[in-house]
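# A structural walkthrough
The primary structure of each chain is shown beneath.
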Amino acid sequence: MTFEGEYNMKLIMLGAPGAGKGTQAQILSEKFGIPSISTGAIIRGAIKNETPTGKLAKGYIDKGELVPDQVVIGIIKERLSEPDCKGGFILDGFPRTIPQAEALYAMGIEIDKVVDIEVDDDQIIKRLSGRRECPVCGATYHIENNPTKDGKTCDKCHAQLVTRKDDNPETIKSRLDVYHSQTEPLIEFYKGKGNLLEIDGGKTLSEATEDILKALSD
Ligand code: AP5
């Protein structure tokens, strides 16, 4: 599969919480040499550093609700103006509402492809319950589907893995409700724009990666 001349792609990863957006975005980022930008990770960083944005966002993220559009749009505007985005980028977790998608257009950003990873809710719950994250580099693993070499520490930076605070049953349920009511309408929105790639995210991690690469090369 070749991607000559396609390395400056502007991609969006769409899908429910736990669908595999972050994992696949990381793989594509390494393959294409373009940054993967996770609004969730930026917000968690702001919370950790107790910035004004972090203080505002904490209540929303802890409850599994969306952070207000204008805050997230501001975060993305700033991030996309950085030099490493000039050669393309992968948006992981943005946009998540129609107003966020419209804001991207208003910024004059032309998205090449929207990769929609589809996974049913039962699988999502299993994936998020078993997810473990590196608190230092942000790498994501799963206790069964994608374990680290020793099962405890990050393969890349050897920090002790942690469970994300919003990966508890109650918050997972509310994140799924929010996804269905506020984010799912983006599927029709991007179908209408003609750049949606629908991927069966219920397959194994490597099969899903293969399907994404194939769809991007078609
Ligand atoms: P965010 O951090 O974006 O979380 P999310 O959308 O809930 O998505 P996740 O990171 O939980 O899942 P993922 O799809 O990346 O799955 P992953 O690859 O880790 O956002 C968190 C919060 O921030 C939001 O709730 C909101 O409050 C706020 N926020 C962020 N963006 C916002 C926005 N634009 N607007 C407003 N608020 C915003 O995979 C999950 C697990 O499954 C892993 O363990 C992985 O190893 C495993 N796995 C992945 N693929 C497979 C596979 N094919 N088979 C088996 N296991 C797999």
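Provided above is the structure to which this section pertains.
Below: a short report on this structure.

Basis of the calculations
- Residues numbered from 1 in each chain as written.
- Predicted model: local features only at pLDDT ≥ 70, side-chain atom pairs only at ≥ 80, totals over all residues.
- Heavy atoms only, no water.
- Axes fitted to C-alpha atoms, helices over the stretch in contact; angles between N-to-C directions.
- Helix = DSSP H or I, 4+ residues; strand = E, 2+ residues; numbered from the N terminus.
- Parallel < 35°, antiparallel > 145°, perpendicular 65-115°, else oblique.
- Left-handed = near helix turned anticlockwise from the far one by under 90°.
- Contact = heavy atoms within 4.5 Å.
- Near = heavy atom within 4 Å.
- Polar contact = N/O pair within 3.5 Å; in protein donor to acceptor, adjacent residues only side chain to side chain.
- Areas by Shrake-Rupley, 256 points an atom, 1.4 Å probe, with all protein chains shown as cover.
- Phe/Tyr/Trp six-rings, centres within 6.5 Å; stacked < 30°, edge-to-face > 60°.
- Buried < 20%, exposed > 50% of the residue type's maximum accessible area, 1.4 Å probe, protein only.
- Lys NZ or Arg CZ within 6 Å of the ring centre and 35° of its normal.

## As for the packing of helix α6 (residues 121–129) against helix α7 (residues 169–183)
For the pair α6 and α7, interaxial distance at closest approach is 11 Å and the crossing angle is 135 degrees. Our classification of the angle between α6 and α7 gives oblique. At the point where α6 passes α7, the crossing takes the right-handed sense. From α6, D121, I124, I125, L128 and S129 reach across to α7, where they touch I172, R175, L176 and H180.

## Points about the site of the ligand
In the neighbourhood of the ligand, 36 residues make up the surrounding shell, with T23, E65, R96, R131 and R175 lying closest. Here an oxygen atom of the ligand sits 2.5 Å away from a polar atom, N or O, in the side chain of R96. Contacts to the ligand include K203, whose backbone N or O atom sits 2.9 Å from a nitrogen atom. Contact with the protein chains covers 97% of the free accessible surface of the ligand, which is 1,000 Å².

## A word on the packing of aromatic side chains
For the coordinates displayed, the defined rule picks out two aromatic pairs. With 5.0 Å between their ring centres and 85 degrees between their planes, F189 and Y190 make a pair best called edge-to-face. Take F189 and Y190: they sit in the same class, and that class is buried. Ring pairs connect the aromatic residues Y105, F189 and Y190, which therefore count as one cluster. In this structure, K193 is placed above the aromatic ring of Y105, and the distance from its NZ or CZ to the ring centre is 4.7 Å.

Purely geometric numbers; function is a separate question.
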